[in-house]
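Chain by chain, the residues run as shown.
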Amino acid sequence: MPKENIADHRWPMVIMANSLPVRRAKTKGQATWEMSPGGLVSALKPFVEKAGGAWIGWTGTAGRAPDPFMHESIANIPVPINAAELKGFYQGVCNRTLWPLYHDAIRPAEYHRHWWIHYVEVNRRFAEAAAKAVAPGGLVWVHDYHLHLVPRMLRELRGDIRIGFFLHIPFPPEELFQRLPWRRQILEGTLGADVVGFQTKAGAQNFMRLAQHHSGTRGRGSRLQVGDRSVHVGVFPISIDYERYESTARHPAVINHSDQLRKNLGLGRRIVLGVDRLDYTKGIDVRVKAFGELLSKGMQTIHDTVLVQVAVPSRERIEEYQELRSSVEELVGQINGRFGEVGIAPVHYLRRNLPFEELVAMYRAADVMLVTPFCDGMNLVAKEYIATRFDNTGVLILSEFAGAAPELRNSVLVNPHDVDGLAEAIHRGLTMSSKNAKRSMRAMRRVIRRNTVHDWARSFMKALRKD
Ligand code: GDG
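Computed from a predicted model, the values in this text were never measured in an experiment.

Scoring rules and cut-offs
- Residues numbered from 1 in each chain as written.
- Predicted model: local features only at pLDDT ≥ 70, side-chain atom pairs only at ≥ 80, totals over all residues.
- Heavy atoms only, no water.
- Pairing = 2+ DSSP bridges.
- Helix = DSSP H or I, 4+ residues; strand = E, 2+ residues; numbered from the N terminus.
- Axes fitted to C-alpha atoms, helices over the stretch in contact; angles between N-to-C directions.
- Salt bridge = Lys/Arg side-chain N within 4 Å of Asp/Glu carboxyl O.
- Buried < 20%, exposed > 50% of the residue type's maximum accessible area, 1.4 Å probe, protein only.
- Core = buried A, V, L, I, M, F, W, Y, C linked by side-chain atoms within 4.5 Å.
- Domains from an automatic or database assignment.
- Contact = heavy atoms within 4.5 Å.
- Buried area = accessible area lost by both parts, 1.4 Å probe.
- Polar contact = N/O pair within 3.5 Å; in protein donor to acceptor, adjacent residues only side chain to side chain.
- Nonpolar A, V, L, I, M, F, W, Y, C, P; charged D, E, K, R; others polar.
- Near = heavy atom within 4 Å.
- Right-handed = clockwise from strand over helix to strand, strands pointing away.

1. A word on the sheet that holds strand β16 (residues 368-371)
Link 1 in the chain: In space, the six strands of this open sheet follow the order β15-β14-β13-β16-β17-β18, with parallel pairing throughout. What marks the edges here is a single partner per strand, and that holds for β15 (347-350) and β18 (412-414). Ignoring strand direction, the axes of neighbouring strands in this sheet form an average angle of 20°.
Link 2 in the chain: Across eight bridges, the pairing between strand β13 (residues 270-277) and strand β14 (residues 305-312) is parallel. From the neighbouring strand, R270 faces β14, where its bridge partner is T305.

2. Here's the deal with the pattern of salt bridges
Link 1 in the chain: Counted under the stated rule, the structure contains 28 salt bridges.
Link 2 in the chain: One salt bridge connects D376 with K282, and the closest N-O pair in it is separated by 3.0 Å. Of this pair, D376 sits in the loop between β16 and α14 (380-388) while K282 sits in the loop between β13 and α11 (284-296), and the two are 94 residues apart along the sequence.
Link 3 in the chain: What makes D376 buried here is its relative accessible area of 10%.
Link 4 in the chain: Given a relative accessible area of 10%, K282 falls into the buried group.
Link 5 in the chain: One network of salt bridges, in which partners are shared, links R152, E156, R184 and E188.

3. A short note on the nonpolar core
Link 1 in the chain: One finds M16 and Y102 to be the most contacted residues of the largest nonpolar core, which totals 98 residues.
Link 2 in the chain: By residue number, the principal contributor to this core is helix α4 (residues 113-133), which donates nine residues.
Link 3 in the chain: Built from parts of two domains, this core gets at least three residues from each of domain 1 (3-238 + 454-466) and domain 2 (242-450).
Link 4 in the chain: Sequence-distant contacts of M16, defined by excluding residues within four places in its chain, comprise I56, F126, A127, A130, V140, W141, V142, H143, L147 and V150.

4. Details of the sheet that holds strand β9 (residues 195-198)
Link 1 in the chain: Strand order in this open sheet of 10 strands is β5-β6-β4-β1-β7-β8-β9-β12-β11-β10, and the pairing throughout is mixed. The strands lining the two open edges of the sheet, one partner per strand, are β5 (69-71) and β10 (218-220). Shown here is a sheet whose adjacent strand axes are inclined to one another by a mean of 25°, direction ignored.
Link 2 in the chain: In terms of strand pairing, strand β4 (residues 53-58) meets strand β6 (residues 74-78) through four bridges, oriented parallel. Bridging from a neighbouring strand, W55 pairs with N76 of β6.
Link 3 in the chain: Sitting on the sheet, α4 is in contact with β1 (11-19), β4, β6 and β7 (134-143), with an inclination near 160° to β1.

5. Observations concerning the domain arrangement of the chain
Link 1 in the chain: In terms of domain boundaries, the chain breaks down into domain 1 (3-238 + 454-466) and domain 2 (242-450).
Link 2 in the chain: Across the boundary between the two partners, domain 1 contributes 21 residues, which contact 21 residues of domain 2.
Link 3 in the chain: Roughly 1,700 Å² is buried in total at the junction of domain 1 and domain 2, and carbon and sulfur atoms are behind 58% of that figure.
Link 4 in the chain: A salt bridge links E320 to R96, with the shortest nitrogen-to-oxygen separation between them at 3.5 Å.
Link 5 in the chain: At the surface where domain 1 touches domain 2, the tally comes to three residue pairs in polar contact (both at pLDDT 80 or more).
Link 6 in the chain: Ranked by residue count, the leading element in the side of domain 1 that touches domain 2 is helix α3 (residues 83-102), at seven residues.
Link 7 in the chain: A per-class count over the side of domain 1 that touches domain 2 returns 10 nonpolar, six polar and five charged.

6. A few points about the site of the ligand
Link 1 in the chain: The environment of the ligand is formed by 22 residues, the closest being H168, L354, D376, M378 and E384.
Link 2 in the chain: Contacts to the ligand include N353, whose side-chain N or O atom sits 3.2 Å from a nitrogen atom.
Link 3 in the chain: Of all the elements in the fold, those that place two or more residues in the shell around the ligand are β13, β14, α13 (356-365) and α14.
Link 4 in the chain: Of the residues in the shell around the ligand, the class split is 12 nonpolar, five polar and five charged.
Link 5 in the chain: Residue contributions to the shell around the ligand reach at least three from each of two domains, namely domain 1 (3-238 + 454-466) and domain 2 (242-450).

7. So, the pairing of β16
Link 1 in the chain: Neither face of β16 is left uncovered, since the one carrying V368 and L370 and the one carrying M369 and V371 both have all their residues buried.
Link 2 in the chain: Bridge count for β13 against β16 is two bridges, and the pairing is parallel. In the sheet register, L273 faces β16, and the bridge partner there is M369.
Link 3 in the chain: As defined by bridge partners, β16 adjoins strand β17 (residues 395-399) across four bridges and the pair is classed as parallel. Following the sheet pairing, V371 is matched in β17 by L398.
Link 4 in the chain: Note on the crossover from β16 through α14 to β17: the handedness is right-handed.

Listed below in structure tokens is the structure:
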């Protein structure tokens with residue numbers, strides 16, 4: 001499609017998320033766009049392409065936005081965010097108000113009216129962009145906590161379309177959500193959608209309860225009556241591109257790489273792995289402490305086992321994230337200093353984003369996978385690890401507070417705040433009989449195979465079309 005026509009075209013399906021599905025890259029010195037890696041993009045791409053759709057989002061750089069452009073059959077419609085809005089909307093309300101509040105207020109949430117003004121402004125800009133882009137009777141699927149106000153704003157502009165909203169992170173219980181000075185606006189904004197989706201039953205129930213208390217709606221089963229409209233509140237646990245992880249894991253180059261990793265870490269040592277964004281919700285600090293306990297109590301020695309923690313840099317301008325980084329790095333230093341020997345480090349800490357194949361090779365090398373968030377919408381890492389275990393080996397230790405826990409009952413479930421309990425669980429994982437480990441892994445693989453990210457997107461779309 002010629003460039004000048006993209007902006008005026010009307011699309012039957014529009015996806016909206018804080019970020020566009022592409023990121024800046026350089027090919028032969030020329031700035032280009034490339035598809036961002038990640039489950040959400042790969043799940044939604046086939047849908048958007050098939051429906052002939054557009055994706056509205058931010059490029060990740062503050063300032064003027066580029067004109068709409070096509071990339072791999074998807075129309076990308078950039079929404080500009082200026083430097084003040086970056087602070088108030090993104091770093092403020094999104095990352096320092098809603099993120100901590102929705103994650104059990106593990107860190108205190110901050111409430112600033114000057115941030116909120118930017119949140120409203122940016123949401124309005126997104127809604128206006130969607131109102132312009134969507135075809136008569138089309139579908140708009142809004143993603144995540146950055147865009148809570150969009151459904152209602154968009155409905156006011158376009159009464160003829162179907163609007164879906166999906167929250168990727170937990171939706172908190174009443175005691176927490178009620179603290180939010182803008183609780184009514186957030187609820188009413190979200191209720192502009194026809195379908196509101198959550199990762200877990202708990203999230204959906206919290207929303208049902210709060211909507212009835214604070215925004216004068218009436219609930220029945222999984223429906224809320226909002227004026228003359230009926231809103232479907234549903235549970236749609238997100239998943240992964242199972243096929244992609246499994247087939248990559250079987251690739252000879254990946255198998256070689258994983259063998260090499262095992263050699264480098266010391267043959268005979270069992271590998272315990274953690275992979276997370278460096279975020280205070282992920283429980284990295286307590287997990288590392290628990291590994292230290294395991295050594296300190298003599299349950300394992302550094303000759304038997306090693307912890308590899310991959311920590312992907314995240315939100316580095318925010319103070320709480322800088323503090324977390326320091327405390328994790330201090331802990332790793334303490335454990336290595338106390339238990340290490342020349343040439344043998346108990347903990348290997350990699351603060352970086354690994355290329356996809358290397359990540360899969362890591363999963364393949366790990367005997368025990370530690371996924372111990374204090375609070376998590378779903379946690380895809382747990383599901384990805386399972387998908388790579390095509391030989392049914394490996395043990396998953398999983399937090400009771402991850403959204404994935406209800407589906408993955410066959411994992412070793414733990415309380416991520418309990419250092420001693422965690423140390424024991426790691427020990428149990430390392431000493432579990434291969435028969436028991438295989439039985440659990442086989443059961444979990446069945447669950448993940450049956451509900452992939454494609455099934456997730458299909459079921460949400462089905463609800464949105466028929467409701
Ligand atoms: C939010 C919710 C919900 C990690 N390290 C590397 C790497 N990753 C990839 C993983 C995984 C993704 O990042 C992380 O996804 P999570 O689900 O674990 O966590 P959040 O980023 O917090 O995501 C969460 C999710 O949305 C989806 O709804 O599950 O609860 O918080 O895909 O593989 N990828 C590569 N290198 C790395 O080093 N290539």
